[in-house]
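# Examining the three-dimensional arrangement
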Amino acid sequence: MTDFTLTNATLIPCGPGAPRRIARGWLRIVAGRIVAMGEGEADGEDLGGRVVTPAPIDCHTHLVHGGNRAREFEMRLEGASYEEIARAGGGILSTVTATRAATEAELLASALPRLDTLLAEGVATVEVKSGYGLTIADELKMLRAARALAAVRPVRIVTSWLAAHALPPEYAGRADAYIEEVAIAGLRAAHAEGLVDAVDGFCEGIAFSPAQMARLFDVAAELGLPVKLHAEQLSHLGGCQLVAARGGLSADHVEHATAADARAMAAAGTVATLLPGAFYTLRETQMPPIAAFRDAGCAMALATDCNPGTAPLTSILLTLNMASTLFRLTPEEGLHGITCHAARALGLSDCGRLAPGLRADLAVWDIEDPAELAYRIGFNPLHARYFEGRKC
């Protein structure tokens, strides 16, 4: 069915300037798009007053990878820090070993259960990063597996080139050479193959400097690709200012960001992507400057950060609860964080809101109030998921 109307619903449009809710609302869907919406009586499928929101968007994941890091979870419980584990050869590098050993088909197969868990909570768009291969061939392999997810599931996949994620052992002490020979050269290859939608990096003392990120961003600009950055997670190196100066899509983690960073990001239209799952898993104590982001008018997105080491999280609903419980986001801020602001963090303008002309990526919930999505823990009230107007 490509031409239908959903009626008797509580619509939560999301987005700036939109009404908070439309009671007794209706949506007209034609060929996968919302063509009209309003309030009042209409003929169509009666949703019985259920809540309809834009389908959630997970705008920061490392969904494709080999292996797991359950032992590191134990090490953290025994007192080891994230940096201590990384410097001992664990962390990202342990996943690199497993990812390099996996075939593209094996990476696809291992990612599908994680993806399916997200889809079961209504998610329709997922960003997937490379970053666990750290050779050109293995980074491309990851992105091919990510693209293949959309061929076997009803989901939109957006990819990010994250070769500047960690320094592999073969480049120890030669970070500049790695940036040139793998991160930049591989980016050109990924772009030529049509595998990359944005360029990302890990700007941190245990990873890469702002100057090294700037070199990579120069090439992204040359190729016409937007940029984003893992910034100010463990320390303050100036990553937020760098990505804002480049008009970047988002700065992610941002626990150590400042009020000045928030103002620069707001002025540039750069989204602050908050990742409470990593904050929780690492038992961090430095919270992102939520009040500064609010005061500056900087949009805040939310994402799972699904990864094998610091956020083995595949629940967008639990992410909502964590954002409210740990970061004190309001339920409305959280819902916007996984819809309209998450879309902005990916540079997407055709989803994340309910409005005529946009994709009919919808979530129908068995709830009375949208605040229930953040309030409940370990409970999934999804009634139906629509992807491009198809119920699935």
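The name recorded for the protein in an unreviewed UniProt entry is Imidazolonepropionase, from Paenirhodobacter ferrireducens. Within the UniProt record for the protein, the comment given under Catalytic activity (unreviewed entry) is "4-imidazolone-5-propanoate + H2O = N-formimidoyl-L-glutamate". As stated in UniProt under Subcellular location (unreviewed entry), the record for the protein gives "Cytoplasm".

## Looking at the packing of helix α6 (residues 175-192) against helix α7 (residues 210-223)
Packed helices, taken two at a time, are described by their axes: the angle between them and the distance between them. In the contact formed by α6 and α7, the axes pass within 10 Å of each other and the chain directions differ by 20°. As far as their axial angle goes, α7 and α6 are roughly parallel. Crossing hand, α6 versus α7: right-handed. Only Gln212, Met213, Arg215, Leu216, Val219, Ala220, Glu222 and Leu223 of α7 make contact with α6, whose side of the interface consists of Ala175, Asp176, Ile179, Glu180, Ala183, Ile184, Leu187, Arg188 and His191. Its residues assigned to classes, the contact of α6 with α7 comprises 10 nonpolar, two polar and five charged.

## Side note on the sheet that holds strand β12 (residues 271-274)
Spatially, β6-β7-β8-β9-β10-β11-β12-β13 is the arrangement adopted by the eight strands of the open sheet, whose pairing is parallel. On the outer flanks of this sheet lie β6 (57-58) and β13 (300-302), each paired with one strand and no other. As defined by bridge partners, strand β8 (residues 156-164) adjoins strand β9 (residues 198-203) across three bridges and the pair is classed as parallel. If you follow Ser160 over to β9, its bridge partner there is Ala198.

## Regarding the packing of aromatic side chains
Enumeration over the complete set of coordinates arrives at four aromatic pairs. When the centroid spacing of 5.3 Å and the interplanar angle of 75° are considered together, the rings of Tyr171 and Tyr178 count as edge-to-face. In this structure, Tyr171 and Tyr178 share a single accessibility class: buried. A ring pair is formed by Phe279 and Phe327, whose centres lie 5.0 Å apart and whose planes are at 75°; its orientation type is edge-to-face. Taken together, the residues span a long stretch of sequence, with Phe279 in helix α10 (residues 276-281) and Phe327 in helix α12 (residues 316-327) at a distance of 48 residues. Among the aromatic residues, ring-to-ring pairing joins Tyr171, Tyr178 and Phe208 into one connected group. Over the face of the ring belonging to Phe379 we find Arg376, whose NZ or CZ atom lies 5.2 Å from the ring centre.

What counts and how
- Residues numbered from 1 in each chain as written.
- Predicted model: local features only at pLDDT ≥ 70, side-chain atom pairs only at ≥ 80, totals over all residues.
- Heavy atoms only, no water.
- UniProt positions renumbered as here; feature names shortened; annotations may be inferred.
- Axes fitted to C-alpha atoms, helices over the stretch in contact; angles between N-to-C directions.
- Helix = DSSP H or I, 4+ residues; strand = E, 2+ residues; numbered from the N terminus.
- Parallel < 35°, antiparallel > 145°, perpendicular 65-115°, else oblique.
- Left-handed = near helix turned anticlockwise from the far one by under 90°.
- Contact = heavy atoms within 4.5 Å.
- Nonpolar A, V, L, I, M, F, W, Y, C, P; charged D, E, K, R; others polar.
- Pairing = 2+ DSSP bridges.
- Phe/Tyr/Trp six-rings, centres within 6.5 Å; stacked < 30°, edge-to-face > 60°.
- Buried < 20%, exposed > 50% of the residue type's maximum accessible area, 1.4 Å probe, protein only.
- Lys NZ or Arg CZ within 6 Å of the ring centre and 35° of its normal.

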